[in-house]
Amino acid sequence: MRVLPTLALGALLLPLSVLASEPNSYAQPDQVVVTHLDLDLKIDFPHRQLDGVATLKLDWKNPQAPALVLDTRDLKIASIDAVDAKGRTRALKYTLAPADKELGSKLTIEAPKHPVQVRITYATSPDASGLQWLPPAQTADKRAPFMFSQSESIHARSWVPLQDSPAIRFTYDAHVSAPKDIRVVMSALNDARHPLDGDFRFDQPHPIPSYLLAIAAGDIAVKETGPRSAVYAEPSVVEAAAREFADTEKMIETAEHLYGPYRWGRYDLLVLPPSFPYGGMENPDMTFATPTIIVGDKSLVSVISHELAHSWSGNLVTAASWRDIWLNEGFTTYVQGRITEALYGKTLADEEALLSARALEKSIGRMPANAQKLAPDPRGVGADDALSDVAYDKGSWFLRTLEQKFGREHFDTYLKSYFDHFAWHSITTEQMLAYLKPNLIEKYPGRMSWDEVQDWVHGTGIPKNAPLPDSPRFDAIDKERSAFLAGSLPAAKLDAKDWNTQEWMYFLDRLPDVPKLGQMQQLDATWHLTGTPNAEIGMRWYVHAIAAGDKAVWPAAAEHMTRIGRLYLTVPVYKAFARTPQGLAYAEAVYAKARSGYHPLTRQAVEAVFAAAHAPKK
Ligand SMILES: [Zn+2]
């Protein structure tokens, strides 16, 4: 997933505070494991619900196990049956525990006779945390309703009863019925030529963790972008999306060249309406992506490199628990940089690495000590600190350090062997380290000590002498920014005419938290940042202009916040407004109008900003 290049929004994703043995799931994989899921779903747009039958194939581990325990959230269970080898059914007793705020309801199914399959008939709630239902008015083309899932981290349980833990992998197939003229896609092999007859079938033959279970449905067109890739999007978006993502096949070939074959068959992309809360989500065979990366010049397609990279780091080799999530996100951010470098050049890859490193340097000191660690102690991590840029940017920085110390050739060989060794498995940080030690660190002695490795993985802050790429262009921007802030260089004299997206991001990122109003007005008068269609630049501009007290930008900021539900681009603008009583009142009025178009996760995040602003100051 690409959540947040520079800002910590972890609270929304997972309650790490409850991490104990197996943290965020009631599943008992030492008793029984789900090996295959057969789904039969009906998409009911008017009632905003899925009517489902989930049949789980079971591998009983403990001969004495009395029950199958599953994760659910807000599901209405109609019946549960055991299914024998001949397909005969028998009703089973079950209890649905009262809902835990973070984990949902534990479903205990009495099954002492250990049936080979259990069949659950159920329906989802209109407020399912893992689904968003959009009326036609909230789509680009406004012709049909749209729905999509976001299962990571622990939201699959809100639309399928299952063992919702990344440690457990299963294959799945699905039959989905939908209204005619609606296309349904899933995180499985999709057929671009499938008729829109309301009757779809899917097969995911590879074992995946539950957070990669995904579905979407709407007025979706398709355009091929390569021999094994296509773009799916609303009809008015699909052409621009196909142009923006025209390099997809080259990206796949680059990653294959580095890390071995792409093992999933097809790599398709679904562009969602702007309310999608993330940059992208690496659902196997069908990445879900925000439309905010379609800017016309491919400058933000590293989100696609990122999601594609997850086909190796994350989907093929998976973090076994949310505490180990850096194994997904840190490795992926590193691989993303390598794909960007191969396709768009070292300058851009270095700029992106520097942007994230500088942002991490700024943010990491403000985090609690435990949250600064790549592999935090699961106890004592507050929910606010769970998934931050530490997993992404400290993780990838560690891998760039390994590459620098051992040389690219050795490190590439190592990483390829790591993916092969752990393919189709979910692993812990300790397993990663146990493989790293003999196969890289000790294989080439004298390049990096084990203490240095431990410092990266278990230490706080950023290790001393962590290598940073050079960027003469960023250095020049640092000088220009300093001169501008000191008043010796007027905004009109900034050499910004040819700055790319990343260079503007870098210029704006390093402005003071509260810049001078006159300077912000000067900047806008020359460079017309207010109203920019580039949301990465827009977010950074509005945050600083609002902090400076520039009320002239408020309406454009409101438009940005209303149009975009992507957490990372929207929540910081709310936070900027929330710093003053007048700004807070304005942001609350914007939210009242925007709320119905937001994903449940975005609503939760914005409401948390307001709650913090209203809380009595300590
Ligand atoms: Zn990711």
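**Structural notes on the packing of helix 5 (residues 346-364) against helix 11 (residues 501-509)**
Here helix 5 crosses helix 11 at 20°, and the two axes come no closer than 10 Å. Looking at the two axes, helix 5 sits roughly parallel to helix 11. Viewed along their axes, helix 5 and helix 11 form a crossing whose handedness is left-handed. On the side of helix 5, the interface is formed by Leu 348, Glu 351, Glu 352, Leu 355, Arg 358 and Ala 359, while helix 11 contributes Gln 502, Met 505, Tyr 506 and Asp 509.

**With respect to the environment of Leu 354**
Examined against the element boundaries, Leu 354 turns out to sit in helix 5. With 120 residues separating them along the chain, Leu 354 and Phe 474 place their C-alpha atoms 8.6 Å apart. If we ignore the near neighbours within four places in the chain, the residues touching Leu 354 are Leu 468, Pro 469, Ser 471 and Phe 474.

**A few points about the sheet that holds strand 12 (residues 183-186)**
Reading across the sheet, the four strands line up as 9-10-14-12 and stay open at both edges, with antiparallel pairing between neighbours. In this open sheet, the two edge strands, each paired with only one partner strand, are strand 9 (131-134) and strand 12. Across this sheet, the average inter-strand angle for adjacent strands is 10°, counted without regard to direction. For strand 10 (residues 146-149) and strand 14 (residues 215-218), the ladder comprises two bridges, and the chain directions are antiparallel. Paired with Phe 148 across the two strands is Ala 216, which belongs to strand 14.

**Things to note about the sheet that holds strand 16 (residues 229-233)**
Spatially, the five strands line up as an open sheet ordered 15-16-17-19-18, and their pairing is mixed. Of all the strands in the sheet, the pair left with one neighbour each is strand 15 (221-226) and strand 18 (280-281). Two strands pair when backbone bridges link them, and strand 18 and strand 19 (residues 286-289) are joined in this way by two bridges, in the antiparallel orientation. If you follow Gly 280 over to strand 19, its bridge partner there is Ala 289.

**Here we look at unusual backbone geometry**
Omega for the bond connecting Glu 152 with Ser 153 falls within 30 degrees of zero, at 5°, which places this linkage in the cis form. Of note, the phi angle at Arg 48 is positive, near 50°, even though the residue is not glycine. Structurally, Arg 48 is set in the loop between strand 1 (32-44) and strand 2 (49-60). A positive phi angle, near 65°, is found at Asn 465, a position not held by glycine. With respect to the helices and strands, the residue Asn 465 is situated in the loop between helix 9 (450-458) and helix 10 (472-486).

**Examining helix 10**
With 15 residues, helix 10 extends 21 Å between its outermost C-alpha atoms, agreeing within 8% with the 21 Å of an ideal straight helix rising 1.5 Å per residue. Looking only at helix 10, the buried set comprises Phe 474, Ile 477 and Phe 484. Looking down the long axis of helix 10, one finds its buried residues gathered within 80° of arc, a one-sided arrangement. The exposed residues of helix 10 that point more than 90 degrees off its buried face are Pro 472, Asp 475, Ala 476, Lys 479, Ser 482 and Ala 486. Buried positions along helix 10 lie against helix 5 and helix 11.

**A word on helix 11**
Across the nine residues that make up helix 11, a large majority, seven, are buried. Looking at helix 11, one finds that the buried residues are Gln 502, Glu 503, Trp 504, Met 505, Tyr 506, Phe 507 and Leu 508. Where the residues of helix 11 are buried, they touch helix 5, helix 10 and helix 13 (535-548).

**What about the domain arrangement of the chain?**
According to the domain assignment, the chain contains domain 1 (25-309), domain 2 (317-458) and domain 3 (472-614). Between the C-alpha centres of domain 1 and domain 2 the distance comes to 27 Å. Each side of the interface is counted separately: domain 1 has 20 residues, and domain 2 has 22 residues. Elements supplying a minimum of two residues to the side of domain 1 that touches domain 2: strand 13 (199-209), helix 2 (248-259) and helix 3 (302-309). If one sorts the elements of the side of domain 1 that touches domain 2 by residue count, helix 2 sits on top with six residues. Tallied by class, the residues present in the side of domain 1 that touches domain 2 amount to 10 nonpolar, seven polar and three charged.

**Comments concerning the packing of helix 10 against helix 11**
In contact at an axis separation of 10 Å, helix 10 and helix 11 are set at 40° when each is read in the N-to-C sense. With respect to helix 11, the element helix 10 is oriented oblique. Classified by chirality, the crossing of helix 11 by helix 10 is right-handed. Across from Arg 473, Phe 474, Ile 477 and Arg 481 in helix 10, the residues of helix 11 making contact are Glu 503, Tyr 506 and Phe 507. The residue makeup of the contact of helix 10 with helix 11, split by class, is four nonpolar, no polar and three charged.

Conventions and cut-offs
- Residues numbered from 1 in each chain as written.
- Predicted model: local features only at pLDDT ≥ 70, side-chain atom pairs only at ≥ 80, totals over all residues.
- Axes fitted to C-alpha atoms, helices over the stretch in contact; angles between N-to-C directions.
- Helix = DSSP H or I, 4+ residues; strand = E, 2+ residues; numbered from the N terminus.
- Parallel < 35°, antiparallel > 145°, perpendicular 65-115°, else oblique.
- Left-handed = near helix turned anticlockwise from the far one by under 90°.
- Contact = placed C-beta atoms within 7 Å.
- Pairing = 2+ DSSP bridges.
- Expected span 1.5 Å × (residues − 1).
- Buried ≥ 20, exposed ≤ 12 C-beta atoms within 10 Å, placed from the backbone.
- Arc of directions from axis to C-beta.
- Domains from an automatic or database assignment.
- Nonpolar A, V, L, I, M, F, W, Y, C, P; charged D, E, K, R; others polar.

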